[in-house]
Amino acid sequence: MALTDRELWTVIHGMVLGSLFLLAFAGGLAGLYSFRWNLVTPTGVRERLPRLEIGTSVMALAAWMTVITGTWIVNPWYRAALPTSPRSVLLADPARALWHTFGMEWKEHVAWMAPLLATAVAFVVIYYGPRLAQEPKVRRALMTLFVVAFMAAAIAGLFGAFINKVAPTI
Amino acid sequence: MTTTFERTTVEVRVASSEPPIVAPPKANGPAAAAILAAGIGCFALGLLVILSEAIPAIKTALVLSGPVGPLSGKTVAQVAIYLVAWAGLAYAWRGKTIPFDTVYVATLILIALGLVGTFPLVFEAFTRS
């Protein structure tokens with residue numbers, strides 16, 4: 001049972017950091033949705049706020065780490081100018097070229113929206129603190145940004161998983 | 001004949017007995033700045049992707065790292081634009097109350113444009129060999 005350096009970084013990028021963001025999304029969205037004055041008691045607000053602040057901050061950090069490791073560590077191996085690199089393998093086969101020309105080209109760009117949006121959400125949650133429960137417009141805006149961040153990360157994650165299946169980085 | 005009744009105890013918590021939370025209103029300027037800056041960052045990425053495809057000189061200039069390719073410059077420039085926008089807006093809107101709906105709609109438009117710009121079928125229409 002062993003992993004090469006490249007396989008290990010691919011796992012850290014996609015299955016650890018990326019998955020952490022995607023899996024935590026539902027909890028974060030539920031937390032934002034229910035953080036309402038008419039739904040929670042003062043004790044509930046005190047109990048939920050640190051979880052929301054820490055949760056959104058960790059998600060933002062995970063999003064940043066995912067795109068940084070993906071772009072600066074995994075991507076050079078993917079696009080290396082060698083006939084055996086995943087990019088070369090995909091482009092050499094017309095039946096699989098679309099995985100690069102569409103999938104990878106979309107994934108590597110759209111993913112970079114997620115950390116910006118997640119950071120905005122985390123910052124606003126921390127800035128407002130308990131007052132967020134009384135700011136329905138702001139809370140709804142944060143939920144929308146959160147969903148867009150998730151969609152961007154999900155597109156990237158989905159294509160990343162498929163591409164690594166079709167042409168693994170080894 | 002014997003009948004057994006189950007007893008259930010219900011604990012009722014009275015919300016009014018809890019100490020209230022004092023959360024005075026806050027100026028929305030810093031929050032609006034963070035949100036709009038994220039929109040500007042997303043838009044900048046879409047624009048950079050299209051410019052990189054349309055103008056070969058820009059694509060070449062965006063190669064900050066050979067192994068990473070033009071993506072290195074696109075993402076570094078995007079993050080730089082995002083941080084500068086956030087700092088500028090946060091400074092301009094510190095302690096102020098901004099029309100939040102306007103900022104929110106502008107942010108959504110910028111995000112949508114950014115998404116369009118990063119979609120391969122769109123930016124490939126601008127590709128010059």
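Conventions we followed
- Residues numbered from 1 in each chain as written.
- Chains lettered and ligands numbered in written order.
- Predicted model: local features only at pLDDT ≥ 70, side-chain atom pairs only at ≥ 80, totals over all residues.
- Helix = DSSP H or I, 4+ residues; strand = E, 2+ residues; numbered from the N terminus.
- Contact = placed C-beta atoms within 7 Å.
- pLDDT = per-residue confidence, 0-100.
- Nonpolar A, V, L, I, M, F, W, Y, C, P; charged D, E, K, R; others polar.
- Expected span 1.5 Å × (residues − 1).
- Buried ≥ 20, exposed ≤ 12 C-beta atoms within 10 Å, placed from the backbone.
- Core = buried A, V, L, I, M, F, W, Y, C linked by C-beta atoms within 7 Å.
- Axes fitted to C-alpha atoms, helices over the stretch in contact; angles between N-to-C directions.
- Parallel < 35°, antiparallel > 145°, perpendicular 65-115°, else oblique.
- Left-handed = near helix turned anticlockwise from the far one by under 90°.

*Asks:* I tried to follow the overall build of chain B on my own but got confused; where do I start?
*Replies:* In terms of helices and strands, chain B carries 5 helices and 0 strands. Element order for chain B, N to C, with α for helix and β for strand: α-α-α-α-α. Looking at chain B alone, contacts between residues at least 24 apart form 80% of all its contacts between residues at least 6 apart.

*Asks:* Got a minute to help me understand the confidence of the model for chain B in this structure?
*Replies:* For residues with low pLDDT, the predicted coordinates do not support detailed interpretation. Predicted confidence across chain B gives a mean pLDDT of 91, with 86% of residues reaching 70 or more. This complex was scored by the predictor with a pTM of 0.91 and an ipTM of 0.94.

*Asks:* Mind showing me how you'd approach the interface of chain B and chain A here?
*Replies:* Often, the extent of an interface is quoted as the loss of accessible area on bringing the components together. Facing 32 residues of chain B, the contacting portion of chain A comprises 35 residues. Taken together, the elements giving at least two residues each to the side of chain B that touches chain A come down to helix H1 (29-54), helix H3 (70-92) and helix H4 (100-117) of chain B. The greatest single-element share of the side of chain B that touches chain A, amounting to 9 residues, is contributed by H1(B). In terms of residue class, the side of chain B that touches chain A is made up of 24 nonpolar, 6 polar and 2 charged.

*Asks:* Explanation requested: H1(B) in the structure shown.
*Replies:* Side chains of residues three or four places apart in an α-helix project in the same direction, reflecting 3.6 residues per turn. Given a rise of 1.5 Å per residue, 26 residues ought to cover 38 Å, and the 36 Å separating the end C-alpha atoms of H1(B) matches this to within 8%. In terms of burial, H1(B) is largely enclosed, as 23 of its 26 residues are buried.

*Asks:* Hey, could you run me through the nonpolar core in this one?
*Replies:* Nonpolar side chains tend to gather and get buried jointly when the protein is soluble and globular. Counting residues in each nonpolar core, the largest one holds 74 residues, and the members touching the most others are Leu117(A), Val124(A), Leu145(A), Ala149(A) and Ile35(B). Looking at this core, the elements that each hand over two or more residues are helix H1 (5-34), helix H2 (42-78), helix H4 (98-110), helix H5 (113-128) and helix H6 (136-166) of chain A together with H1, H3 and H4 of chain B. With 16 residues, H1(B) is the largest single contributor of residues to this core. Once residues lying within four places of it in the same chain are set aside, the contact partners of Val124(A) are Val138(A), Leu142(A), Ala31(B), Ala34(B) and Ile35(B).

*Asks:* Just to check I follow, could you spell out the packing of H1(A) against H6(A) for this structure?
*Replies:* Packed helices, taken two at a time, are described by the angle between their axes plus the distance between the axes. Residue and element names in this part refer to chain A. Running from N to C, H1 and H6 point in directions that differ by 155°, and their axes come no closer than 10 Å. Taken together, the axes of H1 and H6 lie roughly antiparallel to each other. Of the two elements, H1 crosses H6, and the hand of that crossing is left-handed. Along the contact surface, H1 presents Thr10, Gly14, Gly18, Phe21, Leu22, Phe25, Gly28, Leu29, Leu32 and Tyr33, while H6 presents Arg139, Leu142, Met143, Phe146, Phe150, Ala153, Ala154, Gly157, Gly160, Ala161 and Asn164.

*Asks:* Can you walk me through the environment of Arg128(B) in this structure?
*Replies:* All names here are of chain B. Counting through the fold element by element, Arg128 comes out in the segment after helix H5 (120-123). C-alpha separation for the pair Arg128 and Pro56, spaced 72 residues apart in sequence, amounts to 7.0 Å. Those residues in contact with Arg128, other than ones at most four positions away along the chain, are Ala54 and Pro56.

*Asks:* What exactly am I supposed to notice about the confidence of the model for chain A here?
*Replies:* For chain A, per-residue confidence averages 95 on the pLDDT scale, and 100% of positions sit at 70 or higher. Of all helices and strands in chain A, the one with the weakest mean pLDDT is H1(A) (93), whereas H5(A) scores best (98).

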